[in-house]
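Letter by letter, the chains look like this.
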Amino acid sequence: MRLKFYSLSTCIWCRKTRTYLDENNISYAEVTVDKLTGGEREEALRELARFNPNKSFPTLVFENGKIVIGYKPDDIRDALKK
C-alpha cells in the first residue's frame, strides 16, 4: 500500500481528497476515524498523532515517508513521485 488516508465521513475536504484519489486511480487504505469505536478509534488517533500532532483531516501518509495534511492535489502528486 503506497498511501494511508485518515479521514472523517463528514469532512468536505476528505470527500474532495477521496474523489481526487479515485479519479486518478491512486490506491489507498482509508481509515475513517469517526466510523471507528472504542479501542479501534483510540488506536487510529494515536497513529494519526504520530504523523499529524494536530490530528486534522484529511491526513495522507505515503510509504516513502511523505505526509500531506489537507486537500492539496499538487502536494499529493508530488508525494507520489519516486
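Structure's up top.
Not measured: the values here are computed from a predicted model.

**Student:** Can you tell me about a nonpolar patch on the surface, naming the residues and giving the values?
**Tutor:** Taken together, the side chains of Ile12, Trp13 and Tyr71 define a hydrophobic patch exposed on the protein surface, amounting to about 290 Å² of accessible area. Examined against the element boundaries, tryptophan 13 turns out to sit in helix H1 (residues 12-23).

**Student:** So, the pairing of strand E1 (residues 3-7): which residues are in play, and what are the values?
**Tutor:** With respect to burial, E1 is a largely interior element, four of its five residues being buried. In the sheet, E1 pairs with strand E3 (residues 59-62) via four bridges, with the strands oriented antiparallel. Each bridged residue has a counterpart across the sheet, and for phenylalanine 5 the counterpart in E3 is leucine 60. Across four bridges, the pairing between E1 and strand E2 (residues 29-32) is parallel.

**Student:** Describe unusual backbone geometry, and please don't skip the residues or the numbers.
**Tutor:** Residue proline 58 is reached from phenylalanine 57 by a cis peptide bond, and omega for that bond is -5°. When you line up the elements, proline 58 lands in the loop between helix H2 (38-51) and E3. At lysine 55, a residue that is not glycine, the phi angle is positive and equals roughly 50°. Following the sequence through the fold, lysine 55 ends up in the loop between H2 and E3. Residue lysine 55 is classed as partly exposed on the basis of its relative accessible area, which comes to 39%.

Cut-offs and rules
Residues numbered from 1 in each chain as written. Predicted model: local features only at pLDDT ≥ 70, side-chain atom pairs only at ≥ 80, totals over all residues. Heavy atoms only, no water. Patch = residues over 30% accessible without salt bridge, like charges linked within 9 Å, V, L, I, M, F, W, Y side chains within 5 Å. Areas by Shrake-Rupley, 256 points an atom, 1.4 Å probe, with all protein chains shown as cover. Salt bridge = Lys/Arg side-chain N within 4 Å of Asp/Glu carboxyl O. Helix = DSSP H or I, 4+ residues; strand = E, 2+ residues; numbered from the N terminus. Buried < 20%, exposed > 50% of the residue type's maximum accessible area, 1.4 Å probe, protein only. Pairing = 2+ DSSP bridges.

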